[in-house]
Amino acid sequence: MHIHILGVCGTFMGSLAQLAKDLGHRVTGSDANVYPPMSTQLEQAGIELMQGFDPIHLQPAPDLVVIGNAMSRGNPAVEYVLNQGIPYTSGPQWLRDHVLQGKWVLAVAGTHGKTTTSSMLAWILEYAGMAPGYLIGGVTKNFPTSARLGSTPFFVVEADEYDSAFFDKRSKFVHYNARTVILNNLEFDHADIFPDLAAIQKQFHHLIRTVPNNGLLISPTNDKALAEVIAQGCWTPRQQFGFVGDESTSEWQAKLLAADGSSFAVLHHGEEVAQVSWAQTGIHNVNNGLAAMIAARHVGVTPEHSAKALEQFAGVKRRMEVLADVHSVKVYDDFAHHPTAIKTTLAGLRAKIGDEKIIAIIEPRSNTMRMGVHKNALNQSCTDADDVLWYQPANVDWAMDEVVNKSPVPAKLLRNLDELIHCAISLCEKNTHIVIMSNGGFGGVHQKLIEQLKKHAL
């Protein structure tokens, strides 16, 4: 079968393309911007890529077109598919029909931590010799690709709440027939498609409705928005997690053995069952790791074995990834694009480095950030930084001056990348940590900053 994928260079659709290729299909794809690293990964897999959405890419007609959720009516390729009557489907529907049938699906959902937690879970199963299939919306350092079919019934999927396609506005995750489900957390996000938190909660409850009663629902004890979702009806056994000392006692608890989260004990019904000492830091990562351990136990992996796996977990690219250490200045790349993610990331670093200097460089690039939905929470998200440099892209719909003016820590607003780099370097001293936060390429600022740092002796 010849499958053509519209929007093939997106993380989800690119991963889908690799799975289709592994199933033996001829796979081609087109996108507005065909660029590395996804383009490189796809070309290495033998997938033919085409720039733009010219209908000529669909001649002769493929057997099936998989349409990404970034495609909309008016797109030339979409209009051609509809006019010619070429069979089409959404990415999540194709995944359900051709990959997930008959699988034990372990799905990781939530506003934050999906990529990291699903990477941890896939690695735990791999370490346990279970050879899982997986589809992860990022590049995990423990695996060479972001997706594979696997050789056993187990399949780990990062379960996104974003819509499926222009013709299917349901969240992606309702398609997956998951048996083991992690709900990490729930906050308002994706303001471009959801009017309010209640609309997202409705989709999460649709997910809960699909989980069988021989499955497992894993969630934190202290998330009010998730508790409201579950209260709407739940037909699946639940296990909850939290920290020792939380007001509510959960079945699973983590006890910090190091303030920065680099070491913790795992308790089940109050009894210690494992200890984890790993390269990750931050309370959010302890939560992610604990949730992954609970999910792995559901398919037969002991907490002790999971702990050993996590000690070899290498992390995920763009999640506090250390890019360089120049003249005792460390530069990190982080995907954080929500006030909560910014806050927890900086808090984790602060717990690790003590009173050494932190400079946060932040680009509000996501659709929700560009719309200004979270603007009132942004200044309080950076309290663990010593200095904050906010970058205002041309396409942001609101003036960010108020965020800077109300900042509890020294902050500046810049509209030019060269000025931003110069300002960051001027603030550096010995043992400084620069955290660059964006869910995009940020104009290549990461490497530009590193190159300029190499030219400046502190």
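Above this note sits the structure.
Quantities reported herein were computed from a predicted structural model and do not represent experimental measurements.

Cut-offs and rules
Every residue gets a number counted from 1 within its own chain, in the order that chain's sequence is written. For a predicted model such as this one, the threshold for reporting local features is a pLDDT of at least 70, and the threshold for listing and counting side-chain atom pairs is 80 or more; totals across whole chains, interfaces and linings nevertheless cover every residue. As a convention, hydrogens and water are excluded, and side-chain values are obtained from all of the structure's heavy atoms. Every helix listed is a DSSP run of H or I at least four residues long, and every strand listed is a run of E at least two residues long, numbered separately from the N terminus. Throughout, the radius of gyration refers to the C-alpha atoms, and the reference size of a globule is 2.2 Å times the residue count to the power 0.38. Categorising residues by exposure relies on relative accessible area from a 1.4 Å probe, with only protein chains included: less than 20% of the type maximum marks a residue as buried, more than 50% marks it as exposed, and the intermediate range marks it as partly exposed. In what follows, a contact means two residues having at least one pair of non-hydrogen atoms within 4.5 Å. For the purpose of counting charges, residues Lys and Arg are taken to be positive, whereas Asp and Glu are taken to be negative. His and the chain ends are not included. In plain terms, the charge of a residue is placed at NZ if it is Lys, CZ if Arg, CG if Asp and CD if Glu. Fitted lines through C-alpha atoms serve as axes, helices being fitted only where they are in contact, and the angles separating the N-to-C directions of these axes extend from 0 to 180 degrees. Each angle gets one of four labels, with under 35 degrees taken as roughly parallel, over 145 as roughly antiparallel, 65 to 115 as roughly perpendicular, and the rest as oblique. Left-handed describes a crossing whose near helix is turned anticlockwise from the far helix by less than a right angle; the clockwise case is right-handed. By nonpolar core we mean a set of buried residues, namely Ala, Val, Leu, Ile, Met, Phe, Trp, Tyr and Cys, connected to one another through side-chain atoms within 4.5 Å. Paired strands, in this sense, are two strands between which DSSP finds at least two bridges. Each Phe, Tyr or Trp ring, with Trp reduced to its six-membered ring, pairs with another whose centre is within 6.5 Å; inter-plane angles below 30 degrees give stacked pairs, above 60 give edge-to-face pairs, and intermediate values give tilted ones. As used here, the arc is the angular range of directions from the helix axis to the C-beta atoms. Just so you know the grouping, Ala, Val, Leu, Ile, Met, Phe, Trp, Tyr, Cys and Pro go in nonpolar, Asp, Glu, Lys and Arg go in charged, and all remaining residues, Gly too, go in polar. Whenever a carboxyl oxygen of Asp or Glu lies within 4 Å of a side-chain nitrogen of Lys or Arg, that contact is scored as a salt bridge.

## Focus on the overall build of the protein
The number of helices and strands found in the protein is 15 helices and 23 strands. For 458 residues, the compact-globule estimate of 2.2 N^0.38 gives 23 Å, and the protein sits close to it at 22 Å. The principal-axis extents of the C-alpha atoms in the protein amount to approximately 60 × 55 × 40 Å. Buried positions account for 58% of the 458 residues belonging to the protein. In the protein, the proportion of contacts linking residues at least 24 apart, taken out of those at least 6 apart, comes to 64%. Separation between the mean location of the 37 positive side-chain charges and that of the 45 negative ones in the protein comes to 2 Å.

## Overview of the packing of helix H6 (residues 197–209) against helix H7 (residues 224–231)
With their axes 9 Å apart at the nearest point, H6 and H7 run at an angle of 50° to one another. Put simply, H6 runs oblique to H7. Crossing handedness for the pair H6 and H7: right-handed. Across from Leu-197, Gln-201, Phe-204, His-205 and Ile-208 in H6, the residues of H7 making contact are Ala-225, Leu-226, Glu-228, Val-229 and Ile-230.

## Here's the deal with the nonpolar core
One finds Leu-19, Trp-94, Leu-95, Leu-135, Tyr-176, Leu-183 and Phe-204 to be the most contacted residues of the largest nonpolar core, which totals 50 residues. Sequence-distant contacts of Leu-95, defined by excluding residues within four places in its chain, comprise Phe-12, Leu-16, Leu-19, Leu-100, Leu-135, Val-157 and Tyr-176.

## Overview of the side chain of Arg-350
The residue Arg-350 is located in helix H10 (residues 339–353) in this model. Arg-350 sits in the buried class, given a relative accessible area of 17%. When residues no more than four places from it in sequence are discounted, the contact partners of Arg-350 are Asp-355, Glu-356, Ile-358, Asp-384, Ala-385 and Asp-386.

## Section: the sheet that holds strand S22 (residues 411–414)
Taken together, six strands build an open sheet; the order of strands is S18-S19-S23-S20-S21-S22 and the sheet is mixed. Two strands close off the open sheet at either side, each with one partner strand: strand S18 (321–326) and S22. For this sheet, the mean angle separating the axes of adjacent strands, direction not counted, is 15°. In terms of strand pairing, strand S19 (residues 329–334) meets strand S23 (residues 432–437) through six bridges, oriented parallel. Bridge assignment links Tyr-332 to a residue of S23, and that residue is Val-435. Helix H15 (residues 445–454) contacts S18, S19, strand S20 (357–362) and S23 of the sheet and is inclined by roughly 20° relative to S18.

## Considerations on the packing of aromatic side chains
Inspection of every chain in the model, using the stated rule, returns eight aromatic pairs. With centroids separated by 5.0 Å and ring planes inclined at 90°, the aromatic side chains of Phe-166 and Phe-167 adopt a geometry described as edge-to-face. Judged by its relative accessible area of 22%, Phe-166 falls in the partly exposed class. Overall, the relative accessible area of 34% leaves Phe-167 in the partly exposed class. Measuring from centroid to centroid gives 5.0 Å for Phe-173 and Phe-204, while their planes differ by 80°, and the two rings are edge-to-face. Of this pair, Phe-173 sits in the loop between strand S11 (168–171) and strand S12 (180–183) while Phe-204 sits in helix H6, placing them 31 residues apart in sequence. For Phe-173, a relative accessible area of 1% translates into the label buried.

## Considering H15
All of the buried residues in H15 are Val-445, His-446, Leu-449, Ile-450 and Leu-453. The arc that holds the buried residues of H15, viewed along the axis, is 135°, so those residues lie on one side. Against S18, S19, S20, helix H14 (417–427) and S23 lie the buried residues of H15.

## A closer look at the packing of helix H5 (residues 114–127) against helix H8 (residues 283–298)
One can describe the packing of H5 onto H8 by two numbers: an axis separation of 9 Å at closest approach and a directional angle of 40°. Overall, the two elements H5 and H8 adopt an arrangement that is oblique. Read as a crossing pair, H5 and H8 show a hand that is right-handed. Facing Thr-116, Thr-117, Met-120, Leu-121, Ile-124 and Leu-125 of H5, the residues of H8 in contact are Asn-285, Asn-288, Gly-289, Ala-291, Ala-292, Met-293, Ala-295 and Ala-296. By residue class, the composition of the contact of H5 with H8 is nine nonpolar, five polar and no charged.

## Re the pattern of salt bridges
With the rule as written, the count across this model stands at twelve salt bridges. Here Arg-73 ties to Glu-79 by a salt bridge, and the two come within 2.7 Å at their closest N and O atoms. Accessibility expressed as a relative area gives 53% for Arg-73, which makes it exposed. Where Glu-451 meets Lys-454, a salt bridge forms, and the shortest distance between an N and an O atom there is 3.4 Å. Taken together, the residues span about one helical turn, with Glu-451 and Lys-454 both in helix H15 at a distance of three residues. A residue is classified by how much of its surface remains accessible, and Lys-454, at 48% relative accessible area, is partly exposed.

## Quick word on the pairing of S19
Where a strand is regular, its side chains alternate between the two sheet faces. Counted residue by residue, S19 has five buried out of six residues, so it is predominantly covered. Relative to S19, S18 is paired through five bridges, and the arrangement is antiparallel. Note that in S19 the partner of Val-326 across the bridge is Val-329. Here S18 folds back onto S19 in antiparallel fashion, the turn holding two residues, of which His-327 has a positive phi close to 50°.

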